[in-house]
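So you can see what is in the structure, the chains are spelled out below.
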Amino acid sequence: MSPRSKPAAQPPDSVHHPLFARFYARASATAETHGIAALRRELLHGVSGRVIEIGAGNGLNFPHYPRAVSEVVAVEPERTLRRLAVSAALRAEVPVDVVPGVAEALPVKSEAFDAAVASLVLCTVRDLPRALSELHRVLRPDAELRFLEHGLAPGPGMAAVQRGLDRTVWPRLFGGCHTSRDPLASIEAAGFRIVSHRAFRLPERGPALPTSYCVIGSARRSPE
C-alpha cells in the first residue's frame, strides 16, 4: 500500500507549547497591522472549493478566505491556539471546521481537497517531507498549494547564523520553529510543481532577522 493511501495514527495533542502559543497570539495580532494582513489577502486571493489549512494557529487567515471557498478544514495541533481558532471560525464568512491533528498525519481522506494552505507553518512541523507528502495525498490531482513561509537566507553569513540557531536555542524558544529550511526546494521535492512565487524580506528596511527571508506563492500537485 502506498504511504500516501491513508493517514497515520497520531495523538491529537502531541504538540503542546502553551507559553509560546500565548506569545504568538499577541505577537501575530500586532503583526497584522504591519503588513501581514495584506500578505494573507494576497496568499488567499482566488482560492475556491474545499480547502485544507495546516497549522491554522489562532485563525488569522480565516477572514481573508474568498466567498468562493465552500469549506475550510483547519488543522491545528496546539490546544491553546486551536481554542482561539475556533472563536475566529465563528466570525468567518465561509464555513470553517477547526480540528485537532498534525501536518504529518492529517485526519482526512485522500484526494479530498481542491486547495491547501500552508502559512508560516512549514518552519515548525517536526517532519517536513512527511507533512508535504500528506498535503500531496489529500489534494486532488492538479490541485493547488498556496504557501507563505520564511526560510533560508540567500547569503552565506545569515544562513550560517540560521543553522546555528536551529541547532541550539531557536526551536526551544519559538515553538519548534526552524529558520534555515528551504520551503521551495522542499515543496518541489514532495512532488509539487511551483507555479509562481515571490521572495521578499520582512521587514523590508532595517536590520534583517533570522526570519526575515520570506516567500509567497503557489504550487500544483503533480498527477500520479
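So, here's what we can say about the structure. (Residues numbered from 1 in each chain as written. Predicted model: local features only at pLDDT ≥ 70, side-chain atom pairs only at ≥ 80, totals over all residues. Heavy atoms only, no water.)

## A word on the nonpolar core
Proteins that are soluble and globular tend to have nonpolar side chains buried together.
Here comes step 1: With 30 residues, the main nonpolar core has Ile-52, Leu-135 and Ile-187 as its most contacted residues.
Here comes step 2: Of all the secondary structure elements, the ones that give two or more residues to this core are strand S1 (49-54), strand S2 (69-75), strand S4 (113-119), helix H4 (128-138), strand S5 (139-150), strand S6 (192-201) and strand S7 (213-221).
Here comes step 3: Ranked by residues supplied to this core, first place goes to H4 with five residues.
Here comes step 4: The residues contacting Ile-187, other than those within four sequence positions of it, are Leu-122, Leu-132, Leu-145, Phe-147, Phe-192, Ile-194 and Ala-219.
Here comes step 5: Grouped together as the second largest cluster of nonpolar side chains are 25 residues, Leu-44, Val-69, Val-117 and Ile-216 included. (Core = buried A, V, L, I, M, F, W, Y, C linked by side-chain atoms within 4.5 Å. Buried < 20%, exposed > 50% of the residue type's maximum accessible area, 1.4 Å probe, protein only. Helix = DSSP H or I, 4+ residues; strand = E, 2+ residues; numbered from the N terminus. Contact = heavy atoms within 4.5 Å.)

## As for the environment of Glu-71
Here comes step 1: With respect to the helices and strands, the residue Glu-71 is situated in strand S2.
Here comes step 2: Distance from Glu-71 to Ala-56, taken between C-alpha atoms, is 14 Å for residues 15 residues apart in sequence.
Here comes step 3: Here Arg-50 takes part through its side chain, which lies 2.7 Å from a polar atom of the side chain of Glu-71. (Polar contact = N/O pair within 3.5 Å; in protein donor to acceptor, adjacent residues only side chain to side chain.)

## A short note on the sheet that holds strand S3 (residues 96-99)
Here comes step 1: If you walk across this open sheet you meet the seven strands as S3-S2-S1-S4-S5-S7-S6, and the pairing is mixed. Only two strands of the sheet have a single neighbouring strand rather than two, namely S3 and S6. Put simply, the sheet's adjacent strands are angled 15 degrees from each other on average, direction ignored.
Here comes step 2: Where S6 lies against S7, nine bridges are found, and the strand directions are antiparallel. Paired with Phe-200 across the bridge in S7 is Cys-214.
Here comes step 3: Against the sheet, helix H2 (residues 36-44) engages S4, S5, S6 and S7, with an angle of about 165 degrees to S5. (Pairing = 2+ DSSP bridges. Axes fitted to C-alpha atoms, helices over the stretch in contact; angles between N-to-C directions.)

## Here we look at the environment of Pro-154
Here comes step 1: Among the secondary structure elements, Pro-154 is positioned in the loop between S5 and helix H5 (156-167).
Here comes step 2: For Pro-154, a relative accessible area of 75% translates into the label exposed.
Here comes step 3: Along the backbone, Pro-154 and Ala-112 are 42 residues apart, and their C-alpha atoms lie at a distance of 36 Å.

## Points about the side chain of His-150
Here comes step 1: With respect to the helices and strands, His-150 occurs in strand S5.
Here comes step 2: On the accessibility criterion, His-150 (9% relative accessible area) is buried.
Here comes step 3: Excluding residues within four positions of it along the chain, His-150 makes contact with Leu-120, Cys-123, Cys-177, His-178, Thr-179, Pro-183, Thr-211, Tyr-213 and Cys-214.

## Some points on the pattern of salt bridges
Here comes step 1: If you walk through the whole model with that rule in mind, you get ten salt bridges.
Here comes step 2: Across the salt bridge formed by Glu-134 and Arg-130, the nearest N and O atoms sit 3.6 Å from each other. One end of the pair is Glu-134 and the other is Arg-130, both in helix H4 and four residues apart, which spans about a single turn.
Here comes step 3: Exposure remark for Glu-134: the relative accessible area of 0% places this residue in the buried category.
Here comes step 4: Residue Arg-130 is classed as partly exposed on the basis of its relative accessible area of 21%.
Here comes step 5: Put simply, Glu-134 and Arg-137 hold a salt bridge, and the shortest N to O gap is 2.7 Å. With a gap of three residues between them, Glu-134 and Arg-137 both fall in helix H4, about one helical turn apart.
Here comes step 6: Overlapping salt bridges, with partners in common, bring together Arg-130, Glu-134 and Arg-137 in one network. (Salt bridge = Lys/Arg side-chain N within 4 Å of Asp/Glu carboxyl O.)

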